[in-house]
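Chain by chain, the residues run as shown.
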Amino acid sequence: MKVAITGKGGVGKTTFSSILCRLYAEEGRNVLAADVDPDANLGLALGLSEEEVNEIVPVAKMRALVEERTGANNLNKFFKLNPQVSDLPDKLSKNVNGVKLLVMGTVETGGSGCVCPEHVMLQALLSALVFRKDDVVVMDMEAGLEHLGRGTAGMMDQFIVVVEPGARSVQTYGNVKRLAADLGVKRVSVVANKVRDEKDEAFIRSKIPEEDLLGMIHYSADVIDADRNEASPFDYSKETVEEIKLIKAKMDAKEK
Ligand SMILES: Nc1ncnc2c1ncn2[C@@H]1O[C@H](COP(=O)(O)OP(=O)(O)OP(=O)(O)O)[C@@H](O)[C@H]1O
Ligand SMILES: [Mg+2]
């Protein structure tokens, strides 16, 4: 199972990603969680302390490694566009409650067409992840999908857009869908989060085609408390975990 989780800022991508990862880990699957957000906090949601999160160096900041693998340095402007990185997910990831967390970091691309060594490294690493046959790979992304090359995106089982019951985040779903089609993505599904009542449910159903809707997660005070206490929502919010189990079951059914 290989999925990228996207959506507008603050909709709950990291919360959903962390619980999904921990559910797969609980099942005994080998789970790789890639944090591809510049403001990396998937580690916290998986159960690390803030101190432990701050100690992690994102791959994009590992200068020596980037130089070693791409051959780029101050004297050498020419570097490999396909560095060998298949060993890195295991070497660089940190085990958090049975999930292998890989903090990627991001590179300021300053528009499209950037081919700096760090960017090449990240792309190579993301692409190495999708080749891991029986593993579960979950990428916690920003709304932008520019870090995924065509090849990588095309090998993901699906993109999941997390939305809130509001017009703006639903619009993001439309944008992702268009972008994903350009990238050759097979499937774009939606998870509605922070749903409060029947009115919210009706709004979501009126905007998202049924076949695209994986499920709904209700607004939960426990999720907020988990965040405030720097704890993993997986350990805090039973109802939310149950709702995400249903979503996962749907994903698994489609995997087969
Ligand atoms: N179902 C929910 N009920 C209540 N609060 C929630 C729910 N899901 C997420 N939240 C809260 O919303 C906030 C944003 O969640 P989260 O960090 O998961 O979003 P995100 O999409 O990853 O944000 P960012 O774009 O900043 O990476 C957090 O405070 C989180 O606790
Ligand atoms: Mg996030």
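K.L.:
How should I be thinking about the site of ligand 1 in this particular structure?
P.N.:
What surrounds ligand 1 is a group of 18 residues, the closest being Gly-12, Lys-13, Thr-14, Thr-15 and Asp-227. Mapped onto the shell around ligand 1, the elements with two or more residues apiece are helix H1 (13-26), strand S7 (188-195) and helix H10 (221-228). Here the shell around ligand 1 is built from residues that sort into five nonpolar, nine polar and four charged.

K.L.:
Hey, could you run me through unusual backbone geometry in this one?
P.N.:
Peptide bonds are mostly trans, and most non-glycine residues show a negative phi. The phi torsion at Lys-194 lies on the positive side, around 60°, for a residue other than glycine. Judged by C-beta crowding, with 21 C-beta atoms within 10 Å, Lys-194 ranks as buried. In this structure, Glu-230 takes a positive phi of about 50° despite not being glycine. With respect to the secondary-structure elements, Glu-230 resides in the loop between H10 and helix H11 (238-255).

K.L.:
It is not clear to me how the environment of Asn-175 should be interpreted in this structure. Could you clarify?
P.N.:
By secondary structure assignment, the location of Asn-175 is in helix H8 (residues 167-183). Classification of Asn-175 as partly exposed rests on a count of 15 C-beta atoms within 10 Å. With 168 residues separating them in the primary sequence, Asn-175 and Gly-7 have C-alpha atoms 9.8 Å apart.

K.L.:
Looking at this model, I keep getting lost on the packing of H1 against H11. Mind explaining?
P.N.:
What describes two packed helices is the angle between their axes and the distance between those same axes. For the pair H1 and H11, interaxial distance at closest approach is 10 Å and the crossing angle is 70°. By the angle between their directions, the pair H1 and H11 is classed as roughly perpendicular. Note on element contacts: H11 touches H1 through Thr-240, Val-241, Ile-244, Lys-245 and Lys-248, opposite Phe-16, Ile-19, Leu-20 and Leu-23. Along the lines of polarity and charge, the residues of the contact of H1 with H11 split into six nonpolar, one polar and two charged.

K.L.:
Any chance you could explain the nonpolar core here in plain terms?
P.N.:
The tendency in soluble globular proteins is for nonpolar side chains to be buried as a group. By size, the foremost hydrophobic cluster in this structure holds 76 residues, and its most contacted members are Ala-33, Ala-34 and Leu-125. Ranked by residue count, the leading element in this core is helix H6 (residues 117-130), at eight residues. When sequence neighbours within four positions are dropped, the list of residues in contact with Leu-125 reads Val-59, Val-85, Leu-88 and Met-104.

The rules behind the values
Residues numbered from 1 in each chain as written. Chains lettered and ligands numbered in written order. Predicted model: local features only at pLDDT ≥ 70, side-chain atom pairs only at ≥ 80, totals over all residues. Near = placed C-beta within 6 Å. Helix = DSSP H or I, 4+ residues; strand = E, 2+ residues; numbered from the N terminus. Nonpolar A, V, L, I, M, F, W, Y, C, P; charged D, E, K, R; others polar. Buried ≥ 20, exposed ≤ 12 C-beta atoms within 10 Å, placed from the backbone. Axes fitted to C-alpha atoms, helices over the stretch in contact; angles between N-to-C directions. Parallel < 35°, antiparallel > 145°, perpendicular 65-115°, else oblique. Contact = placed C-beta atoms within 7 Å. Core = buried A, V, L, I, M, F, W, Y, C linked by C-beta atoms within 7 Å.

None of this, on its own, says anything about what the molecule does.
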